[in-house]
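Below are the chains, spelled out letter by letter.
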Amino acid sequence: MGRKLNKSGLKKGKPQTISKTKARKLEKQLVFPKLPGDDETQTNLSHRQKQRLSKRKIKSEIQNPRKRAKFDAPQMNGRPQKQKHQISLASDSESDEDEDDEDEEEESDTASFIDPEADSEEEEEEEEGADVAQENGASGSDESEEENANGHMGSDDEDNSENGDMESGEEMNESQEDGMESYDEVESDGDGQVGNVLFDSDDDDEDEGLKKDDSDSSDGEEGWAAAEREADDLEKQTGKVSAVVSTAQDDEEDEDETIPSLQAVEEELANVPNVKRSAARAKAVIAILENFRTRCPDNRPRKEYLAILKADLCFYYAYNKFLLEKLMDLFSLSDLMDFLEANQSDRPVTIRANTIKCYRKDVREALNNRGVNCEPIPWSKVGLVVYGVPSNVPLGATPEYLAGQYILQGASSFLPVMALAPKEHEHILDMCAAPGGKATHIASMMKNTGVLYCNDFNPKRVKSLTANIHRMGVTNTIVTAMDGRAVAKKLRHSLDRVLLDAPCTGTGIISKDARVKHTKEELDVKRCSHLQLDLLLAAIDAVNADSEHGGYIVYSTCSVLVEENEQVINTALKKRAVKLVPTGLLNIGAKGLTNFKQHRFHPSLELMQRIYPHKNNMDGFCVAKLKKLSNDHLDTDAKKVKKTRKSSEAQKAKSAKSSVEAPKSKKTIKTEKFKKALKSTEAEKTKKAKKPKGKNEPEK
């Protein structure tokens, strides 16, 4: 082929008519000739498709006599030796046609595996094949004239030229379409000798060949199915083995899951702590404690399992032992785990619309236009829950926020103001007002009428309080920075309502401040409870019981501990003439506690409202509402109260005795006096008789 390509150039003024794609293919065949062992189908075929194609090629080569002759021919350096005998041109043309048909068969078989670009290239080759064949035929006729020594002219030359055209054109088609001949075979074609043809089949045998190919493919499919069956069997066997191994591992894990002793757990947590192991052990201990009688694997006491659970939970959730003990006393095991998990995540972001300047729907529309997804809180008239905030919208710096249309405030902070229910033209005190969320809420419900006293003990926090008051447009406030107990003394019996959001340990807002987990101790709880009681008594003293619509005190904390809520209110009920009334917060939170461990509280403490993070998805809160009955008995000293109680009881006893005795007559009174006088004279005589006589005294 290489010599013919060189001879097929510009000759006798005839231009070359080979397309660029054709020339590129021919160059590739010259530079990188394909050998019989090369694979034609190097496209992305699956293993099964490659196996089928190789089987078809091998069987077709073995069944074809010409191809069998090629395999039986003597080999030279691993390649078939050139044949020196010549074959008639007619037989060559027939064999070439058969090879083309066979190639078409192979292309039809592999059409689904080869890229679609190959079809377009083959069409271009077929269109240009005629022009190339004519040129090659012309060059072949010239060669035949030079080589023929017998001097044949006329018709003989034309026959040779025609034969040369057929030979060269069909050899080009063979080399272009098949691409399976060796470089030596291409050279032998140039000498007029036809190389060994790879595919040679008759038209009559075409259907048989297709049938045989189909049978081969079916055989390959059967073999492939058998191989798949073997693979499935192997997978089943390996699956059984893996199942046995997994069951053995599960048994080992069950053996390892036996809960160790308390000392072993403490040593493990001190030396080699493992978070996953502690969590798994805590779950196992909880499962045992829920039904201890039936699930206890050994004779260890319940206290030991509780100590193991406490140690694991302290390590896993980073609580100190004191606070976790308090929570374990307060909640059941399931509620305890829910509470601890709820404190690990943040609460939803909520805002409160300022009704002094706008309505809630206006704020919602404005934020929705900015891409903020917010929905109204069903139990509040001014609250909105924010579900999604774009990254380019700072919720605390929007024009609406700066204009005072809304304020960022937790949903649980709405509840104390809702329970207080302030009215217009009233005098109200917020004893711990900073940073101003509840104070501005009270002012909006009062519609900027009456007087609102806003006090806070910390002067630094008063700055944020005044800033929010100015931003929200509140004008009926008096801001002070004093101790709440001193303010209550100055405003004694002059207020209609008081809101006391007392300072506390913050066990309900652990999700906001995780330092509470490991910083609060028993001393902190005692200090807070003592301060809360003093502030509550001062708030009760500041309220006027004779107010027409008022006389209410709302006590709230952001703590869930009993020591800061039920115990404080229970002592206040004993020291002041107050009673608990419903808060008005229907279907929000749980009831207050009347029994806790060894403590027994007043039955009216059920009217308290307890908010839990794991149940209400809000910060932990406790709210209680008190009604003042009278302004008497305002002594704050417990000793004085006891003394007054004892004196009153003694007076009552005397009065009861006097009422029981009958009235005395005058004679009885005179006789009693005479008897007393006689007794006194007799006593004087006895004293004189007992005196010793002196020596110088004369006898009478």
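Because the structure is a prediction, the values reported are computed rather than measured.

Cut-offs and rules
Residues numbered from 1 in each chain as written. Predicted model: local features only at pLDDT ≥ 70, side-chain atom pairs only at ≥ 80, totals over all residues. Heavy atoms only, no water. Salt bridge = Lys/Arg side-chain N within 4 Å of Asp/Glu carboxyl O. Helix = DSSP H or I, 4+ residues; strand = E, 2+ residues; numbered from the N terminus. Buried < 20%, exposed > 50% of the residue type's maximum accessible area, 1.4 Å probe, protein only. Axes fitted to C-alpha atoms, helices over the stretch in contact; angles between N-to-C directions. Parallel < 35°, antiparallel > 145°, perpendicular 65-115°, else oblique. Left-handed = near helix turned anticlockwise from the far one by under 90°. Contact = heavy atoms within 4.5 Å. Nonpolar A, V, L, I, M, F, W, Y, C, P; charged D, E, K, R; others polar. Disulfide = S-S within 2.5 Å. Polar contact = N/O pair within 3.5 Å; in protein donor to acceptor, adjacent residues only side chain to side chain. Pairing = 2+ DSSP bridges. pLDDT = per-residue confidence, 0-100.

### So, the pattern of salt bridges
Part 1 of the reasoning: Enumeration over the complete set of coordinates arrives at 20 salt bridges.
Part 2 of the reasoning: Glu 375 is the partner of Arg 364 in a salt bridge, and the nearest nitrogen-oxygen pair spans 3.0 Å. Taken as a pair, Arg 364 in helix α16 (residues 360-369) and Glu 375 in strand β4 (residues 373-376) lie far apart in primary sequence, 11 residues in all.
Part 3 of the reasoning: By relative accessible area, which is 31% here, Glu 375 ends up partly exposed.

### Quick word on the packing of helix α23 (residues 522-542) against helix α24 (residues 566-575)
Part 1 of the reasoning: α24 packs onto α23 with a crossing angle of 40° between their chain directions and a minimal axis gap of 10 Å. In terms of their interaxial angle, α23 and α24 are classed as oblique. Our pair here, α23 against α24, has a crossing hand that is right-handed. Contact with α23, carried on its side by Ser 529, Gln 532, Leu 533, Leu 536, Leu 537 and Ile 540, involves Val 568, Ile 569, Thr 571, Ala 572 and Lys 575 of α24 and no other residues of that element.
Part 2 of the reasoning: Per-class residue counts for the contact of α23 with α24 are 7 nonpolar, 3 polar and 1 charged.

### Some remarks on the state of the cysteines
Part 1 of the reasoning: Under the counting rule described, the total for this entry stands at 0 disulfides.
Part 2 of the reasoning: Left unpaired, Cys 558 is separated from the closest cysteine sulfur, that of Cys 504, by 3.0 Å.

### Considerations on the side chain of Gln 609
Part 1 of the reasoning: By the element assignment, Gln 609 lies in strand β16 (residues 609-611).
Part 2 of the reasoning: We classify Gln 609 as buried; its relative accessible area is 11%.
Part 3 of the reasoning: A polar side-chain atom of Gln 609 sits 2.4 Å from the main-chain carbonyl oxygen of Ile 588.
Part 4 of the reasoning: Discounting residues that sit within four places of it in the chain, Gln 609 has contacts with Thr 583, Leu 585, Ile 588, Gly 589, Ala 590, Phe 621, Cys 622 and Val 623.

### Examining the packing of helix α10 (residues 262-271) against helix α13 (residues 302-317)
Part 1 of the reasoning: One way to put it is that α10 packs onto α13 with a least axis distance of 9 Å and a crossing angle of 10°. By the criterion of interaxial angle, the relationship of α10 to α13 is roughly parallel. Of the residues in α13, those in contact with Leu 262, Val 265 and Leu 269 of α10 are Glu 304, Ala 307, Ile 308, Ala 311, Asp 312 and Phe 315.
Part 2 of the reasoning: Its residues assigned to classes, the contact of α10 with α13 shows 7 nonpolar, no polar and 2 charged.

### Describing the pairing of strand β3 (residues 349-353)
Part 1 of the reasoning: Most of β3 sits inside the fold, with 4 of its 5 residues counted as buried.
Part 2 of the reasoning: With 4 bridges joining them, β3 and strand β5 (residues 383-388) adopt antiparallel strand pairing. From the neighbouring strand, Thr 350 faces β5, where its bridge partner is Val 385.
Part 3 of the reasoning: Relative to strand β6 (residues 406-408), β3 runs antiparallel, the two sharing 3 bridges. Pairing of Arg 352 across the sheet is with Ile 407, part of β6.

### A short note on α24
Part 1 of the reasoning: Those residues of α24 not exposed but buried are Glu 566, Val 568, Ile 569, Asn 570, Ala 572 and Leu 573.
Part 2 of the reasoning: On its buried side, α24 packs onto α23, β11 (552-557), β12 (578-581), β15 (599-600), β16 and β17 (621-628).

### What about the confidence of the model for the chain?
Part 1 of the reasoning: Looking at the chain, pLDDT values average 75 and 61% of them are 70 or higher.
Part 2 of the reasoning: Contacts for the low-pLDDT stretch residues 1-14, under 50 throughout, to residues beyond four places or in other chains number 26 contacts.
Part 3 of the reasoning: Low pLDDT (under 50) marks residues 75-95, which in the prediction has 27 contacts with non-local residues, meaning those over four places away or in another chain.

### Thoughts on the environment of Leu 306
Part 1 of the reasoning: If you trace the backbone, Leu 306 turns up in helix α13.
Part 2 of the reasoning: With relative accessibility at 27%, the residue Leu 306 sits in the partly exposed group.
Part 3 of the reasoning: Residues Leu 306 and Val 285, 21 residues apart in the sequence, show an inter-C-alpha distance of 8.0 Å.

### Regarding the environment of Glu 304
Part 1 of the reasoning: When you line up the elements, Glu 304 lands in helix α13.
Part 2 of the reasoning: Taking C-alpha positions, Glu 304 is 8.0 Å from Ser 261, a pair spaced 43 residues apart along the chain.
Part 3 of the reasoning: When residues no more than four places from it in sequence are discounted, the contact partners of Glu 304 are Ser 261 and Leu 262.

### Here's the deal with unusual backbone geometry
Part 1 of the reasoning: Between Ala 434 and the following residue, Pro 435, the backbone shows a cis peptide bond with an omega angle of 5°.
Part 2 of the reasoning: Turning to its location among the elements, Pro 435 is positioned in the loop between β7 (427-430) and α19 (437-446).
Part 3 of the reasoning: If you check the backbone angles, Ala 421 has positive phi at about 50° while not being a glycine.
Part 4 of the reasoning: Positionally, Ala 421 belongs in the loop between α18 (414-420) and β7.
Part 5 of the reasoning: A residue is classified by how much of its surface remains accessible, and Ala 421, at 24% relative accessible area, is partly exposed.
Part 6 of the reasoning: With phi around 55°, Lys 597 is a residue other than glycine that occupies positive phi space.
Part 7 of the reasoning: Mapped onto the elements, Lys 597 comes out in the loop between β14 (595-596) and β15.
Part 8 of the reasoning: Of the residues examined, Lys 597 reaches a relative accessible area of 51% and is grouped as exposed.

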